[in-house]
Amino acid sequence: MDEDELRTRYSRAAFEAAVEAASASIAAGGVPIGAALEKDGQLLAAGHNQRVQDGDPTAHGEIDCLRRAGRIGSYAGTILHTTLAPCAMCAGAIVQFGITEVVVGENHTFPGELDWLRSRGVTVVMLDDDRCAQLMTQFQQRFPQVWAEDIGELAAES
């Protein structure tokens, strides 16, 4: 599947669920990254970054979404929607579970691991959604320390 084919297949409602989850996260004092998982146009789960809320360094948006989806057996045919380009940990989970299609809200505020995902056969569609970029820009400006912690930049200082 190429990007153009994926653009015609993904559910806009699933992406909107990811955006709503990101908004819920920032409203709860967390990092505004949301994710949603769909299959055949049906929303399976949505989640958001809860690292701050839960004190769990692995509770990124994509991971929370996968946790909420639970054990579904095979992830073949699923599409993961995320408001921000996935980090190395989340990209690893995408590849680990065989998710081959990812819709990304934006990658201007954080480039993520999109090239690595593509190198592993994952089709990536970039939406360049202004809402996603605005949520992240606002958060990064207000909470730079929390953001640096979220993406592992503080690890080098330890």
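Everything numeric in this text was worked out from a predicted model, so none of it was measured.

Once that is clear, we can look at the packing of aromatic side chains. The geometry of an aromatic ring pair comes down to the distance between the two centres and the angle between the two planes. For the coordinates displayed, the defined rule picks out 3 aromatic pairs. Look at phenylalanine 139 and phenylalanine 143: their rings are 5.3 Å apart centre to centre, the planes differ by 40°, and that puts the pair in the tilted class.

What follows covers the sheet that holds strand β5 (residues 123-126). Spatially, 5 strands are ordered β2-β1-β3-β4-β5 in an open sheet, and the strand pairing comes out mixed. The sheet is open, and its two borders are formed by β2 (42-48) and β5, each paired with just one other strand. Mean inter-strand twist for the sheet, computed between neighbouring axes without regard to direction, equals 20°. Strand contacts of helix α4 (residues 61-69): β1 (34-39), β2 and β3 (78-82), with the helix running at about 130° to β2, the strand carrying the most contacts.

In the Ramachandran plot, aspartate 40 falls in the positive-phi region, its phi being about 55° despite a non-glycine side chain. Its location among the elements puts aspartate 40 in the loop between β1 and β2. Aspartate 40 sits in the exposed class, given a relative accessible area of 65%. The backbone of aspartate 128 sits at a positive phi, close to 50°, despite the residue not being glycine.

This paragraph deals with the pattern of salt bridges. Overall, the coordinates contain 9 salt bridges when judged by the stated rule. Aspartate 56 serves as the salt-bridge partner of arginine 67, at 3.4 Å between the closest nitrogen and oxygen. Taken together, the positions of arginine 67 in helix α4 and aspartate 56 in the loop between α3 (51-54) and α4 put the pair 11 residues apart, joining distant regions of the chain. The residue aspartate 129 makes a salt bridge to arginine 131 at a minimum N-O spacing of 2.8 Å. Using a relative accessible area of 33% as the deciding quantity, one classes arginine 131 as partly exposed. Overlapping salt bridges bring together Arg12, Glu16, Asp129 and Arg131 as one network.

Attention now goes to the nonpolar core. In this structure, Leu37, Leu80 and Trp147 are the most contacted members of the largest nonpolar core, which totals 30 residues. At the level of secondary structure, the elements contributing two or more residues to this core comprise β1, α4, α5 (88-96), β4 (101-104), α6 (114-119), β5 and α7 (130-142). Tyr10, Val19, Ile79 and Leu127 belong to the second largest nonpolar core, which has 9 residues in total.

Relative to the elements of secondary structure, threonine 109 occurs in the loop between β4 and α6. For threonine 109, a relative accessible area of 18% corresponds to the buried category. Separated by 92 residues in the primary sequence, threonine 109 and alanine 17 have C-alpha atoms spaced 20 Å apart. Every residue in contact with threonine 109, bar those within four places of it in the chain, is listed here: Leu84, Ala133, Met136, Thr137 and Gln140. A polar atom in the side chain of threonine 109 sits 2.4 Å from the side chain of glutamate 106.

So, on to α4. Judged by how many residues are buried, α4 sits mostly within the fold: 7 of 9 residues are covered. Among all positions in α4, only Gly61, Glu62, Ile63, Asp64, Cys65, Leu66 and Ala69 are buried. In the stretch just after α4, glycine 70 is the one whose phi turns positive, near 75°.

Rules and cut-offs
- Residues numbered from 1 in each chain as written.
- Predicted model: local features only at pLDDT ≥ 70, side-chain atom pairs only at ≥ 80, totals over all residues.
- Heavy atoms only, no water.
- Phe/Tyr/Trp six-rings, centres within 6.5 Å; stacked < 30°, edge-to-face > 60°.
- Pairing = 2+ DSSP bridges.
- Helix = DSSP H or I, 4+ residues; strand = E, 2+ residues; numbered from the N terminus.
- Axes fitted to C-alpha atoms, helices over the stretch in contact; angles between N-to-C directions.
- Contact = heavy atoms within 4.5 Å.
- Buried < 20%, exposed > 50% of the residue type's maximum accessible area, 1.4 Å probe, protein only.
- Salt bridge = Lys/Arg side-chain N within 4 Å of Asp/Glu carboxyl O.
- Core = buried A, V, L, I, M, F, W, Y, C linked by side-chain atoms within 4.5 Å.
- Polar contact = N/O pair within 3.5 Å; in protein donor to acceptor, adjacent residues only side chain to side chain.

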